[in-house]
Amino acid sequence: VATTVRDPLGRPVAAEWGTVAEDTAVIEMAAAAGLLRLAEDERDPRLASTYGVGELVRAALDAGCRRLIIGQGGSATNDGGAGMAQALGVRFLDADSGELPPGGAALARLERIDSSGLDPRLARCEVVAATDVMNPLCGPEGASLVYGPQKGASPEVARELDAALRRYGEVVERDVGVRVLDVPGAGAAGGLGAGLIAFLGARIEPGVEVVAQVVRL
C-alpha cells in the first residue's frame, strides 16, 4: 500500500507499507523517515522528524489492522519517536504550553506531555518493534552518540541531542508512566523504540526472529 506522508523534513512523499494476513501491517520506518529520503547536505537530526511514521501507523489503523510490525533502521531522525506520537495525537509542550517544533533538538525544552488525544484504537493493538540493535536511549551507547554522526551530527550536536533525549525520557516516565531510558532497544532508529514502547505499548524484538516467524522461514 502506498500512502502519502511527511518525510523527515515535512515534505510529502509516497511511502509504501504492507499487510500480512488480514489484520497485520508491516511498516518500515525508513520508508517515511529514513536517510534514503534526504540528500547528504539535508541531513540534520536536530530537525528531522518521525511524523511520517505516525502517519503510516494511522493509515494501517484506518485499514483495519490491529497488529503492527514496525521495522526500525536506516533512520534520519533522532527525536525519540516524538514526531510519530504527534501524528497520533500526543502533544509535547514547552514551559509556555506551546507545541514543540519537529526534531530532536526541541526536546531539550520539553516540559509536559499530554497524551489524552492519543488515537484510542492503539489500545486494542499489538505492536512489535523489530530491530537489529539493542542500544539504550541515552548515554555512551545511546542513539545520539552512536548513530548521530551518520545522520549528520557533529560531536557537539550529538551531545546536545543526547541531553535532549534524556530530558524526553525523564518526562515520558513522569507523565506517561513508562520508563524508557535504560530499556535495551529503546535507542533504535534515533530513539523511535522509546516512543513505540511509551505510546504504542510496543515490545522490542530482534528483527531476524520477527521476519523468520512472519514469513514462516
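To start, this report covers the structure provided alongside it. Please read these numbers as outputs of a predicted model, since none were measured by experiment. (Residues numbered from 1 in each chain as written. Predicted model: local features only at pLDDT ≥ 70, side-chain atom pairs only at ≥ 80, totals over all residues. Heavy atoms only, no water.)

As for the overall build of the chain
Item 1. From N to C terminus, the chain includes seven helices and nine strands.
Item 2. Against the 2.2 N^0.38 benchmark of 17 Å for 217 residues, the chain shows a C-alpha radius of gyration of 16 Å, consistent with a compact globule.
Item 3. In terms of overall dimensions, the chain has C-alpha extents of about 45 × 35 × 35 Å along its principal axes.
Item 4. Expressed as a percentage of its 217 residues, the buried residues of the chain come to 54%.
Item 5. Within the chain, contacts between residues at least 6 apart in sequence are counted, and of these 71% link residues at least 24 apart.
Item 6. Distance between charge centroids for the chain: 3 Å, based on 21 positive and 30 negative side chains. (Helix = DSSP H or I, 4+ residues; strand = E, 2+ residues; numbered from the N terminus. Rg over C-alpha atoms; globule rule 2.2 N^0.38 Å. Buried < 20%, exposed > 50% of the residue type's maximum accessible area, 1.4 Å probe, protein only. Contact = heavy atoms within 4.5 Å. Lys, Arg positive; Asp, Glu negative; His and termini not counted. Charge placed at Lys NZ, Arg CZ, Asp CG, Glu CD.)

Topic: the environment of Glu99
Item 1. Among the structural elements, Glu99 can be located in the loop between strand 6 (91–93) and strand 7 (112–114).
Item 2. Residue class for Glu99 comes out partly exposed when judged on its relative accessible area of 43%.
Item 3. A distance of 2.8 Å separates the side chain of Glu99 from the side chain of Arg91, its partner in a polar contact. (Polar contact = N/O pair within 3.5 Å; in protein donor to acceptor, adjacent residues only side chain to side chain.)

A look at the side chain of Gln72
Item 1. Here Gln72 shows up in the loop between strand 5 (67–71) and helix 3 (82–87).
Item 2. Judged by its relative accessible area of 6%, Gln72 is buried.
Item 3. Within the local environment of Gln72, its side chain forms a polar contact with the backbone nitrogen of Gly193, the two atoms lying 2.8 Å apart.
Item 4. Once residues within four sequence positions are removed from consideration, Gln72 is found in contact with Glu28, Met29, Ala129, Ala130, Thr131, Ala188, Ala189, Leu192, Gly193, Leu196 and Ile204.

Overview of the environment of Val127
Item 1. Here Val127 shows up in strand 8 (residues 126–131).
Item 2. Under the relative-accessibility criterion, Val127 is labelled buried at 3%.
Item 3. With 19 residues separating them along the chain, Val127 and Ala108 place their C-alpha atoms 28 Å apart.
Item 4. In this structure Val127 touches Leu68, Ile70, Leu200, Gly201, Ala202 and Arg203, once residues within four positions along its chain are discounted.

Here's the deal with a nonpolar patch on the surface
Item 1. A cluster of nonpolar side chains, Val211, Val215 and Leu217, forms an exposed patch at the surface whose accessible area comes to about 350 Å².
Item 2. One can find Val215 in the segment after helix 7 (207–214). (Patch = residues over 30% accessible without salt bridge, like charges linked within 9 Å, V, L, I, M, F, W, Y side chains within 5 Å. Areas by Shrake-Rupley, 256 points an atom, 1.4 Å probe, with all protein chains shown as cover. Salt bridge = Lys/Arg side-chain N within 4 Å of Asp/Glu carboxyl O.)

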